[in-house]
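Remarks on the overall topology
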Amino acid sequence: DRQTGIQSIRSLGWKQFEELMAEAYRRKGYTVIENPGRGADGGVDIRLQRDGQLHLVQCKQWQSRKVGVNVVREMYGLMTAESAASAIVICSGIFTQEAKNFAEGKAIDLVDGAQLEALIGQVRGTQRETATPSRRRQPSATLCPRCGSPLVLRTAQKGANAGGQF
């Protein structure tokens with residue numbers, strides 16, 4: 001909600017950029033599975049799920065550089081290997097014409113800086129969407145890092161921790 005345009009998005013660190021993208025897709029109604037560590041991500045920064053389908057996202061926060069066809073080809077290979085419905089490559093800059101040509105006709109969305117700015121503007125200030133409006137998540141709810149569902153506070157009924165909450 002604090003992003004005011006492409007320049008403020010470009011000023012984010014790479015991890016903050018990935019987190020921003022994850023939150024944008026949460027607000028669009030996807031279940032988001034982020035990569036937890038700082039290690040190799042295998043080319044996929046975020047996994048999205050909706051309607052039983054997997055979508056793979058690669059984030060490239062390059063301010064003055066074009067994203068080339070190699071990145072898009074890699075995502076296409078990963079999409080095929082993981083049987084994903086689609087792949088999304090998001091950058092804060094632009095894509096080369098060769099990258100655009102390769103993605104054409106494939107289930108690959110290329111989101112450039114201008115489209116990224118529009119996406120953030122679209123979801124700014126909105127609550128997270130859910131499949132059923134009656135189960136709307138509270139913004140303060142703690143979410144499961146694997147599936148994005150709200151965590152449930154429970155009370156132990158038996159054992160040494162009976163009466164304690166977990």
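Residues numbered from 1 in each chain as written. Predicted model: local features only at pLDDT ≥ 70, side-chain atom pairs only at ≥ 80, totals over all residues. Heavy atoms only, no water.

As for helix 3 (residues 69-81)
- Across its 13 residues, helix 3 extends 18 Å between first and last C-alpha, which sits within 8% of the 18 Å expected from 1.5 Å per residue.
- Buried positions along helix 3 lie against strand 3 (53-60), strand 4 (66-67), strand 5 (86-91), helix 4 (97-103) and strand 7 (108-111).
- The first or second residue beyond helix 3 is S83, which carries a positive phi of 50 degrees. (Helix = DSSP H or I, 4+ residues; strand = E, 2+ residues; numbered from the N terminus. Expected span 1.5 Å × (residues − 1). Contact = heavy atoms within 4.5 Å.)

Re the packing of aromatic side chains
- The full count for this structure, using the stated rule, is 2 aromatic pairs.
- Pairing Y25 with Y30 gives two aromatic rings, centres 5.6 Å apart and planes at 75 degrees, and the pair type is edge-to-face.
- Relative accessible area serves as the criterion here: at 14%, Y30 is assigned to the buried category.
- Seen in terms of ring centroids, Y76 and F102 are 5.8 Å apart; in terms of plane orientation they differ by 85 degrees. Their pairing is edge-to-face. (Phe/Tyr/Trp six-rings, centres within 6.5 Å; stacked < 30°, edge-to-face > 60°. Buried < 20%, exposed > 50% of the residue type's maximum accessible area, 1.4 Å probe, protein only.)

What to know about the pairing of strand 5
- Among the 6 residues in strand 5, 6 count as buried, and that is most of the element.
- Here 6 bridges tie strand 3 to strand 5, and the two strands are oriented parallel to one another. Considered in strand 5, the bridge of V57 is made with I88. (Pairing = 2+ DSSP bridges.)

Things to note about the packing of helix 2 (residues 14-27) against helix 5 (residues 113-123)
- Contact geometry of helix 2 with helix 5 gives a least axis separation of 10 Å together with a crossing angle of 55 degrees. One finds that helix 2 runs oblique with respect to helix 5. The chirality of how helix 2 crosses helix 5 is left-handed. Contacts from F17, L20, M21, A24, Y25 and R27 of helix 2 reach helix 5 at L116, L119, I120 and V123. (Axes fitted to C-alpha atoms, helices over the stretch in contact; angles between N-to-C directions. Parallel < 35°, antiparallel > 145°, perpendicular 65-115°, else oblique. Left-handed = near helix turned anticlockwise from the far one by under 90°.)

A few points about the pattern of salt bridges
- The full count for this structure, using the stated rule, is 3 salt bridges.
- Between E23 and R27 there is a salt bridge, with its nearest N and O atoms 3.0 Å apart. Here E23 and its partner R27 are both found in helix 2, 4 residues apart, which amounts to about one turn of the helix. Each member of the pair, E23 together with R27, is buried.
- Taken together, the shared-partner salt bridges in this structure form one network comprising E23, R26 and R27. (Salt bridge = Lys/Arg side-chain N within 4 Å of Asp/Glu carboxyl O.)

Remarks on the nonpolar core
- With 22 residues, the main nonpolar core has M21, Y25, I46, L48, I90 and L116 as its most contacted residues.
- Looking at this core, the elements that each hand over two or more residues are helix 1 (6-10), helix 2, strand 2 (46-50), strand 3, strand 5 and helix 5.
- By residue number, the principal contributor to this core is helix 2, which donates 6 residues.
- What M21 contacts, discounting residues up to four positions off in sequence, is I46, C59, I90, L116 and I120.
- Listed in part, the 20 residues of the second largest apolar core include L54, V69, V71 and F102. (Core = buried A, V, L, I, M, F, W, Y, C linked by side-chain atoms within 4.5 Å.)

Details of the confidence of the model for the chain
- Taken residue by residue, the chain gives an average pLDDT of 78. The fraction at 70 or more is 72%.
- Element-level pLDDT for the chain is lowest in helix 1, with a mean of 74, against a maximum mean of 96 in helix 4.
- Residue range residues 128-141 is modelled with pLDDT below 50. Its contacts to residues more than four positions away, or to other chains, number 22 contacts. (pLDDT = per-residue confidence, 0-100.)

A look at helix 2
- Spanning 14 residues, helix 2 covers 20 Å between terminal C-alpha atoms, matching the ideal 20 Å at 1.5 Å per step.
- In terms of burial, helix 2 is a largely internal element, 10 of the 14 residues being buried.
- Residues of helix 2 that are buried: F17, E18, L20, M21, A22, E23, A24, Y25, R26 and R27.
- Just beyond helix 2, the residue with positive phi is G29, at close to 100 degrees.

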